[in-house]
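Tertiary structure, described
Now for the letters of each chain:
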Amino acid sequence: MKARMSEKAASKRLQEAGLEITEHRLRVLMAVGNTHHPSSAPEILEIISGRKDINRVTVYRILDLLVKREVLNRLGLGEKPQRFCLRSEHEDEHPHFHCTRCDCYICLDQHDLPLDRRALERLPLDVRHVDIRLEGVCPACREKASRT
């Protein structure tokens with residue numbers, strides 16, 4: 001679902017969100033934008049830890065800010081670590097798939113599982129966020145199982 005995120009693209013996303021473009025914010029956003037799955041904060045820190053000038057607390061603060069400014073989505077997964085993925089410029093949320101065998105998470109295109117926003121608007125609720133997570137077995141695990 002995600003394309004490679006260049007420094008130029010990351011700078012543009014930060015600017016559009018009304019955020020100052022800093023090296024740390026760029027590195028965190030590019031780390032999330034260049035993975036093909038929702039990533040946990042420790043995974044993001046590992047990706048950018050080649051330089052010692054950023055710490056765990058800074059990464060968490062940047063992730064929180066990027067979620068607040070609607071640049072990233074946060075997946076609340078109960079007791080598991082939260083994961084983060086790039087929010088599309090053209091859609092609010094998108095569904096995710098969790099493999100119950102290998103514990104991987106996959107971003108799905110919103111068109112794979114359309115959500116009727118008008119139906120939500122008819123509810124007597126003030127819906128601000130929708131989080132759809134499908135669970136099952138991913139293609140890689142299914143293939144492994146079929147070989148054994």
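In the block above lies the structure referred to throughout.
Everything numeric here is computed off the predicted structure, so don't read it as measured data. Here the residue numbering is sequential within each chain, running from 1 through the sequence in written order. Only residues with pLDDT of 70 or above have their local features reported here, since the model is predicted, and side-chain atom pairs are shown and tallied only from 80 upward, although totals for entire chains, interfaces and linings are computed over all residues. To get the side-chain values, take all heavy atoms of the structure and skip hydrogens and water.

1. Let's talk about the overall build of the protein chain
Condition: Going along the chain from the N terminus, every DSSP run of H or I of four or more residues is numbered as a helix, and every run of E of two or more is numbered as a strand. Burial classes: relative accessible area under 20% of the type maximum marks a residue as buried, over 50% as exposed, and values in between as partly exposed (1.4 Å probe, protein chains only). It only takes one pair of heavy atoms within 4.5 Å for two residues to be counted as in contact.
Each helix and strand counted, the protein chain has six helices and six strands in total. Counting from the amino terminus, helix and strand elements in the protein chain follow one another as α-α-β-α-α-β-β-β-β-α-β-α. For the protein chain, buried positions account for 37% of its 148 residues. Here the contacts in the protein chain between residues at least 6 apart in sequence split such that 54% fall between residues at least 24 apart.

2. Things to note about the sheet that holds strand β1 (residues 39-40)
As a reminder of what qualifies: When DSSP locates at least two bridges between a pair of strands, those strands are taken to pair. For helices, the axis comes from a line fit to the C-alpha atoms of the stretch in contact; other axes are also lines fit to C-alpha atoms, and the angle between any two N-to-C directions lies between 0 and 180 degrees.
Pairing within the open sheet is antiparallel, and its three strands lie in the order β1-β3-β2. Pairing within the sheet leaves two strands with one partner each, and these edge strands are β1 and β2 (72-75). Two elements, β2 and strand β3 (residues 83-86), share four bridges in a ladder whose sense is antiparallel. If you follow Leu72 over to β3, its bridge partner there is Leu86. Across the sheet, helix α2 (residues 23-33) lies against β2 and β3, angled at about 85 degrees from β3, the strand it touches most.

3. Some details on the sheet that holds strand β6 (residues 133-136)
Taken in spatial order, the three strands line up as β5-β4-β6 in an open sheet, and their pairing is mixed. Edge positions in the sheet fall to β5 (105-107) and β6, since each of these pairs with one other strand and no more. Between one strand axis and the next, the sheet turns by 25 degrees as a mean value, whatever way the strands run. Judged from the three bridges that link them, strand β4 (residues 96-99) and β5 form a sheet pairing that is antiparallel. Its bridge partner lying in β5, Phe97 is registered against Ile106.

4. Quick notes on the side chain of Ser39
Selection rule: The definition of a polar contact used here is a pair of N or O atoms within 3.5 Å, where within protein one atom must be able to donate a hydrogen and the other to accept one, and adjacent residues in sequence count solely through side-chain atom pairs.
If you trace the backbone, Ser39 turns up in strand β1. Side chain to side chain, Ser39 and Thr35 meet in a polar contact 3.3 Å long. With sequence-adjacent residues up to four places away left out, Ser39 is seen in contact with Ile44, Gln82, Arg83 and Phe84.

5. Considering the state of the cysteines
Disulfide: a covalent bond formed between the sulfur atoms of two cysteine residues. Heads up, the condition is: Pairs of cysteine sulfur atoms within 2.5 Å are what we label disulfides.
Evaluated as defined, the whole model comprises zero disulfides. With no disulfide of its own, Cys102 lies closest to Cys104 among cysteine sulfurs, the gap being 3.5 Å. In this structure Cys141 is not part of a disulfide, and its nearest cysteine sulfur, from Cys138, lies 3.6 Å away. Residue Cys141 is classed as buried on the basis of its relative accessible area of 8%.

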